Amino acid sequence: MQFKDCFDFSEPLSLYIHIPFCKSKCSYCAFYSKPCAKSFEISDYTERILSEIRSLTNEMGGRPFYTAYIGGGNPGVLSVEQLGGIAEEVCKNGRPVEFSVEMNPESISYGHFRLFENFFTRLSMGVQSLNERALKFLGRNSSLKETLKGLELSQELRNKTGCALNYDIISCLPEWHGTDNDIVKIVRDYAPEHISLYALTLEEGTPLFLQKPDLPDDDRQAVMLSEYRELLDELGYEHYEVSNYAKRTGAPAQNILAEQNKSEKNTNRCLHNSVYWSYKQYAGIGASAASTGFKGSKAYRIEASSDSRNWKYSVNELGYTEKLEEFVLMGLRQKAGLSLERLKKEFGKRLCPEKLMPAGYAIKGDYLVPEEEGFLTADNAAIVVLDNIEDRANCTD
Ligand code: SF4
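Residues numbered from 1 in each chain as written. Predicted model: local features only at pLDDT ≥ 70, side-chain atom pairs only at ≥ 80, totals over all residues.

### Re the overall build of the chain
For the chain, the helix and strand inventory stands at 13 helices and 19 strands. Taken over the C-alpha trace, the chain has a radius of gyration of 21 Å; the compact-globule value for 397 residues is 21 Å, and the two agree within 12%. Seen through its C-alpha atoms, the chain measures out along the principal axes to roughly 65 × 50 × 45 Å. Across the chain, the fraction of contacts at a sequence separation of at least 24, relative to all contacts at a separation of at least 6, is 71%. (Helix = DSSP H or I, 4+ residues; strand = E, 2+ residues; numbered from the N terminus. Rg over C-alpha atoms; globule rule 2.2 N^0.38 Å. Contact = placed C-beta atoms within 7 Å.)

### A word on the environment of Glu230
Its location among the elements puts Glu230 in helix 8 (residues 218–234). You can call Glu230 partly exposed: it has 13 C-beta atoms within 10 Å. Once the C-alpha coordinates of Glu230 and Glu373 are considered, the two residues, 143 residues apart in sequence, prove to be 9.8 Å apart. (Buried ≥ 20, exposed ≤ 12 C-beta atoms within 10 Å, placed from the backbone.)

### Here we look at the pairing of strand 12 (residues 290–295)
For strand 12 and strand 13 (residues 298–304), the ladder comprises six bridges, and the chain directions are antiparallel. Across the sheet, Gly293 pairs through a bridge with Tyr300, a residue of strand 13. (Pairing = 2+ DSSP bridges.)

### What to know about the site of the ligand
In the vicinity of the ligand, the contacting residues are Cys22, Lys25, Cys26, Cys29, Phe31, Ser33, Gly72, Gly73, Asn74, Asn104 and Gly126. The class makeup of the residues in the shell around the ligand is four nonpolar, six polar and one charged. (Near = placed C-beta within 6 Å. Nonpolar A, V, L, I, M, F, W, Y, C, P; charged D, E, K, R; others polar.)

### Here we look at the packing of helix 11 (residues 320–332) against helix 13 (residues 378–388)
Their axes nearest at 9 Å, the elements helix 11 and helix 13 cross at an angle of 135°. Classified by the angle their axes make, helix 11 and helix 13 are oblique. Judged by the sense of rotation from one axis to the other, the crossing of helix 11 with helix 13 is right-handed. Touching Glu325, Val328, Leu329 and Leu332 of helix 11 are Ala378, Ala381, Ala382, Val385 and Leu386, all from helix 13. Among the residues forming the contact of helix 11 with helix 13, the class breakdown is eight nonpolar, no polar and one charged. (Axes fitted to C-alpha atoms, helices over the stretch in contact; angles between N-to-C directions. Parallel < 35°, antiparallel > 145°, perpendicular 65-115°, else oblique. Left-handed = near helix turned anticlockwise from the far one by under 90°.)

### Observations concerning unusual backbone geometry
Working note: non-glycine residues mostly have negative phi, and peptide bonds are mostly trans. A cis geometry characterises the amide bond from Gly72 onward to Gly73, with omega recorded as 20°. Here Gly73 is to be found in the loop between strand 4 (67–72) and helix 2 (80–90). Phi is positive for Cys172, which is not a glycine, with a value near 60°. Mapping Cys172 onto the fold places it in the loop between strand 7 (164–171) and helix 6 (179–190). The class for Cys172 is buried, based on 21 C-beta atoms found within 10 Å.

### Remarks on helix 1 (residues 39–57)
Helix length check: helix 1, at 19 residues, gives a terminal C-alpha distance of 27 Å against a target of 27 Å (1.5 Å per residue), a fit within 8%. Along helix 1, the positions that sit buried rather than exposed are Tyr45, Ile49, Glu52, Ile53, Leu56 and Thr57. Within helix 1, the buried residues cover an arc of 130° as seen down the axis, which keeps them to one side. Among the exposed residues of helix 1, those oriented more than 90 degrees off its buried face are Phe40, Glu47, Ser51 and Arg54. Against the buried residues of helix 1 lie strand 1 (14–19), helix 2 and strand 11 (282–285). (Expected span 1.5 Å × (residues − 1). Arc of directions from axis to C-beta.)

### Section: the domain arrangement of the chain
For the chain, the assigned domains read domain 1 (3–277) and domain 2 (332–397). Each of domain 1 and domain 2 has a C-alpha centre, and the two are 29 Å apart. Among the elements of the structure, helix 8, strand 9 (237–241) and helix 9 (256–262) are those that each provide at least two residues to the side of domain 1 that touches domain 2. With four residues, the single largest contributor to the side of domain 1 that touches domain 2 is helix 8. A per-class count over the side of domain 1 that touches domain 2 returns six nonpolar, four polar and three charged. (Domains from an automatic or database assignment.)

### Notes on the nonpolar core
Core analysis: the largest hydrophobic core is formed by 73 residues, its most contacted members being Leu15, Ile17, Val90, Phe120 and Leu123. Apart from residues no more than four positions distant in its own chain, Ile17 is found in contact with Ile49, Ile70, Ile86, Ile285 and Gly286. Grouped together as the second largest cluster of nonpolar side chains are 19 residues, Leu351, Tyr367, Phe375 and Val385 included. (Core = buried A, V, L, I, M, F, W, Y, C linked by C-beta atoms within 7 Å.)

Shown next as structure tokens:
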């Protein structure tokens, strides 16, 4: 089955483009990314990406992508012309409602500004920390000085083009480092619309894993993440997904219906990532990119091989159980919660009231939603839900 045949082009389609190149390799990184690629390799890669975008836009009957996201790697490794060429192709049928690009602080330049005036609506920057020792510990390519310069430039970019800013921050480093200082400084000095806060994990085979640093254990990590959550709440950021915080834009939603509608408008949440969490279709192109496609009653998971010179797509049709598991897992990760209505309609399942409820979650209207820190146990909650849902016919109410 061909890649293109996995999507319903009459429905909104989001696009993810993976750029697997970086200036150097960070010590903790287990993603597929290639440091110091040759310029001919980057330009060949760009050409293939352009042709794949064209082949999708040709199917879309003149409609634009719903959202688009260029991630990596570090897309800032491409020249402004290469990045601009890709952005222009994505916008051939119109500008997506949200168009993000990732860039590391040392990569952003004044040359990129015109791309934000014409195409991008959002910059996602891998800041990670404002502590020189932490940046070195993580093996980041940019020094603190370069990081601060990138942050200043991103502020100018926002003032000039009105784009939204996301900054990535890594937490749960060794004890000598306090992520709370990073959070306070970043919010106070740069007020991003969005923050992605991750816990550092030691991935097997990475240089950091081999160093065996003394990192907080799982219990300590849970306490730390919960403290950062409280801090960000006080600073005006809503926790709307396990690792993601959006600057509040107005009064809190009064009811669950308003909460659901917030994902679409009047919010600083990342609409593109919300497509993944809401289990809607998106095409992912480029080496190691993943896609989810829906066509008729069928669902597909498509994975591209990790080969920047000649990636190939492998298509797997998802069975009922795989679809159900993905739907439940994604739904429980977000504040908007798991739609019990979709659980009924699309899967014929009910979460019976007499059954065990996952800790930290409650039923509100037609949704199973996390309360306070329910997010921090989303994976466990998914196991409980999957163990306790039943066919609709077996429920007593
Ligand atoms: S910049 Fe990102 S993708 Fe590249 S090596 Fe560092 S963590 Fe990995």
